[in-house]
Amino acid sequence: MWSSKGTTSPGPVPGKCRGGIMCATTTTALSRMARSLTRAMTAPPWWPSWWAWGASSPAWTEASWACVSASAAASLCLPTWAMAASAWVRRLGPWQGMQETSRQKQGPQGQKPDAQRGRGTHPRSHCICSAGCIAAAGLIPPDATLYFDVVLLDVWNKADTVQVSTLLRPPHCPRMVQDSDFVRYHYNGTLLDGTAFDTSYSSGGTYDTYVGSGWLIKGMDQGLLGMCPGERRKIIIPPFLAYGEKGYGTVIPAHASLVFHVLLIDVHNPKDTVQLETLELPPGCVRRAVAGDFMRYHYNGSLMDGTLFDSSYSRNHTYNTYVGQGYIIPGMDQGLQGACVGERRRITIPPHLAYGENGTGDKIPGSAVLVFDVHVIDFHNPADPVEVTTLSRPPEPCNETAKPGDFVRYHYNCSLLDGTRLFSSHDYEVPQEATLGANKVIEGLDKGLQGMCVGERRQLVVPPHLAHGESGARGVPGSAVLLFEVELVSREEGLPAGYLFVWHEDPPANLFEDLDLNKDGEVPPEEFSTFIKAQVSEGKGRLMPGQDPEKIIGDMFQNQDRNQDGKITAEELKLKSDEDQERVHEEL
């Protein structure tokens, strides 16, 4: 043990003890006990107010020790110690002091070696002292055996540092806490004996603060350094790195060691920018998103500790927005630029580029770092044309290509840019038919088919403003970019705009006589239809391709029956060329 100056005890004094071996042992035990007691009683904050009769002075400690070391009988010293102990017990209730057991291996000055000294509540220990002694102020009878029941509540040394134990460390650590970082964490705070004094969990929110900037006690500033988001730590802080000799309020006594169990939720620095991590990059990325593009993407949004706060997958619908135009939080505006179609990337956004100190809703707290795992489905620009790529051309020379008015037959496969299959003409085992320029197919496909040779294969990328627009169509999402693979199977030359039938050469000189098959001076629908079909079958003329011949012939008759009486007369019959005064093509 030690005196008030830290000198080690020389042991019992021979020749001055009336109790023989027992007395010598008792003298040693009592002297040790006295020194422990006086050290405790003369340490702040007890001695200034409790030892008014003079025992508060460190000199009293020296005197009490000298009572034994200067050949004084132990029995003569006992009254002094007993009075001190009695006064101290009345003040403190159960005596709190240092554990004393001769069976425990001790290091220098009665301390356990550093490797054996723990930080926590120690089990109770018992000290029994006996001697032939004089009664002490009526409190301790002569020849009494003294029994002390001791509970060690705290222990520390001036050489102690902050002790950090990692309880759980996540496998992925995006960054570690450094000085000047801003952290959000949960904690449970206890004394070394397990007495709880505070917890963040009861407040309904994390404790948010800067590290290394004087906002925390020094020990916590040190204990948080190097932590990863999601990590759990046990941090033991000696009192001189905590609240010292003053303590804090009524919950943290003076000279108390503190134990914190900490869960780090997230960390960022006010200087942080958006952090990007490419998780999957598809091969052949020829275009990257820029400001002004319109993008469709899926995402999972979580806090830094992995707590999910939102997901587009749960709604089974992409998030659609312009990039770099201020429609989304600044960090996402930045994080989406440069992405490829089909790319998966992780975007980590500090709070000053997200929802700031206030957060939003009940799922994103203030000062929260946000992590988005994004899958880019497609993007386009409102100024984009149809993107045409020739996959193959027929081996023979191609002198004529498809143009507006032509009737074409083609096979196609249609999908989204992420590979989702939508439609295919192969499912119907017959080619698709269309008259180009007649608004029979979406505008982008119509443009993409123009200029093709029969037998040619093309890939067409059609932006939504040339496809099904923001509303989409059955099976097609709104604002979707469409990918077509088309093959032109056949082409029939079309008719000029507004024409239903043309002759390959000049029309008959006596057209009405040729139409009036029974020579009665009028042409009913039956005679008109018989004449036109004969012209087509003989190769003298052709109808508009891709339409029902009966319907076309019926429309032609209606155009010539100007008084709508069900027959055409010579006065009513006129060629379109006569009406338009154009001789390029003649039409009925």
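Every residue gets a number counted from 1 within its own chain, in the order that chain's sequence is written. With the structure being a predicted model, the display of local features is reserved for residues of pLDDT at least 70 and the display and counting of side-chain atom pairs for 80 or more, all residues being used for whole-chain, interface and lining totals. For the side-chain quantities, the full set of heavy atoms in the structure was used; hydrogens and water were omitted.

Focus: the overall build of the chain
Here is the rule we go by: A run of H or I in DSSP becomes a helix once it reaches four residues, and a run of E becomes a strand once it reaches two; helices and strands are each numbered from the N terminus. For every residue, the accessible area obtained with a 1.4 Å probe (protein chains only) is divided by the maximum for its type, and the residue is called buried under 20%, exposed over 50%, and partly exposed between those limits. Per-residue and other accessible areas follow the Shrake-Rupley method at a 1.4 Å probe size, with only the shown protein chains counted as cover for residues.
The helix and strand inventory of the chain stands at 11 helices and 22 strands. Sorting the 588 residues of the chain into buried and exposed places 44% on the buried side. For the chain, the accessible area works out to roughly 30500 Å², and carbon and sulfur atoms hold 51% of it.

Digging into the side chain of Arg-233
The criterion, for reference: N or O atoms within 3.5 Å of each other form a polar contact, as long as, within protein, one can give a hydrogen and the other can take it, and as long as residues adjacent in sequence are counted only when both atoms are side-chain atoms.
Along the polypeptide, Arg-233 turns up in strand E7 (residues 232–237). Under the relative-accessibility criterion, Arg-233 is labelled buried at 8%. At 2.6 Å, the side chain of Arg-233 forms a polar contact with the backbone oxygen of Gly-223. Within polar-contact distance, the side chain of Arg-233 engages the backbone oxygen of Gly-226 at 3.5 Å.

Describing the state of the cysteines
Under the convention used in this document: In what follows, a disulfide is any cysteine sulfur pair within 2.5 Å.
Counted according to the given criterion, the structure contains three disulfides. A disulfide bridge connects Cys-173 with Cys-228, and the sulfur atoms are separated by 1.9 Å. In this structure, the disulfide formed by Cys-173 and Cys-228 twists by about -90° around the S-S bond and is classed as left-handed. Here Cys-228 lies in the loop between helix H5 (218–224) and E7 and Cys-173 lies in the loop between strand E3 (163–168) and strand E4 (182–191), a separation of 55 residues in the sequence. Using a relative accessible area of 28% as the deciding quantity, one classes Cys-173 as partly exposed. Residue classification places Cys-228 among the buried positions, given a relative accessible area of 0%. The side chain of Cys-398 participates in a disulfide bridge whose partner is Cys-453; the two sulfur atoms lie 1.8 Å from each other. Sign of the S-S torsion, about -105° for the bond between Cys-398 and Cys-453, identifies this disulfide as left-handed.

Observations regarding the packing of aromatic side chains
Definition in use: Note on ring pairs: Phe, Tyr and Trp rings are taken, using the six-membered ring of Trp, and paired if centres are within 6.5 Å. Classes follow the plane angle, with under 30 degrees stacked, over 60 edge-to-face and the rest tilted.
Tallied over the entire structure, the rule returns 19 aromatic pairs. Judged by centre distance (4.9 Å) and plane angle (80°), the rings of Phe-182 and Tyr-210 are edge-to-face. Taken as a pair, Phe-182 in strand E4 and Tyr-210 in strand E6 (residues 207–210) lie far apart in primary sequence, 28 residues in all. Its relative accessible area of 11% is what places Phe-182 among the buried residues. Plain terms: the ring middles of Tyr-187 and Tyr-207 are 6.1 Å apart, the flat faces sit at 85° to each other, and that makes the pair edge-to-face. Placement of the pair is Tyr-187 in strand E4 and Tyr-207 in strand E6, with a sequence separation of 20 residues. The class of Tyr-187 is buried, set by a relative accessible area of 10%. By way of ring pairs, the aromatic residues Tyr-185, Tyr-187, Phe-197, Tyr-207 and Phe-260 are connected into one cluster.

A few points about the packing of helix H9 (residues 525–537) against helix H10 (residues 549–560)
This is how it is decided: Only the contacting stretch of a helix is used when fitting its axis, a line to C-alpha atoms as for every element, and angles between N-to-C directions run 0 to 180 degrees. By the definition adopted for this analysis, an angle is roughly parallel if under 35 degrees, roughly antiparallel if over 145, roughly perpendicular if from 65 to 115, and oblique otherwise. A clockwise turn of the near helix away from the far one marks a right-handed crossing, whereas an anticlockwise turn of less than a right angle marks a left-handed crossing. The contact rule is simple, with two residues in contact once any of their heavy atoms fall within 4.5 Å. As a working rule, the residues Ala, Val, Leu, Ile, Met, Phe, Trp, Tyr, Cys and Pro are called nonpolar, Asp, Glu, Lys and Arg charged, and the rest polar, with Gly in that last group.
The contact between H9 and H10 brings their axes to 10 Å, and the two run at 120°. Between H9 and H10, the angle is such that the two are oblique. Of the two elements, H9 crosses H10, and the hand of that crossing is right-handed. Taking contact as the criterion, the partners of Pro-525, Phe-528, Ser-529, Ile-532 and Lys-533 in H9 are, on H10, Glu-550, Ile-553, Met-556 and Phe-557. Here the residues of the contact of H9 with H10 sort into six nonpolar, one polar and two charged.

Observations regarding the nonpolar core
Test applied: Joining through side-chain atoms within 4.5 Å is the link that ties buried Ala, Val, Leu, Ile, Met, Phe, Trp, Tyr and Cys residues into a set, and such a set is a nonpolar core.
In this structure, Tyr-185, Met-220, Leu-224, Ile-237, Leu-258, Phe-260 and Val-262 are the most contacted members of the largest nonpolar core, which totals 26 residues. Every element with two or more residues in this core is listed here: E4, H5, E7 and strand E8 (258–268). Once residues lying within four places of it in the same chain are set aside, the contact partners of Leu-224 are Val-177, Val-183, Tyr-185, Val-211, Leu-216, Arg-233, Ile-235 and Val-262. Counting 25 residues, the second-largest nonpolar core is a separate cluster that includes Val-408, Met-452, Leu-466 and Ala-480.

Here's the deal with the UniProt feature "domain: EF-hand" (unreviewed entry) in the chain
The test is simple: UniProt positions are given in the numbering used here, feature names are shortened, and annotations may be inferred rather than shown by experiment.
When the UniProt feature table is mapped to this numbering, "domain: EF-hand" (unreviewed entry) covers residues 503–538 and 548–583. Overall, residues 503–538 shows 50% helix and 3% strand. The separation of its end C-alpha atoms is 11 Å.

Considerations on the pattern of salt bridges
Going by this rule: Here, a salt bridge means any Lys or Arg side-chain nitrogen found within 4 Å of an Asp or Glu carboxyl oxygen.
Tallied over the entire structure, the rule returns 26 salt bridges. The closest approach of N and O atoms between Asp-427 and Arg-421, which form a salt bridge, is 2.9 Å. Counted as one network, the salt bridges with shared partners bring together Glu-400, Lys-403, Asp-406 and Arg-491.

Topic: unusual backbone geometry
The backbone of Asn-316 sits at a positive phi, close to 55°, despite the residue not being glycine. Its place among the elements puts Asn-316 in the loop between strand E11 (308–311) and strand E12 (319–322). Residues other than glycine seldom take positive phi values, yet Lys-519 does so here, at roughly 55°. With respect to the secondary-structure elements, Lys-519 resides in the loop between helix H8 (511–515) and H9.

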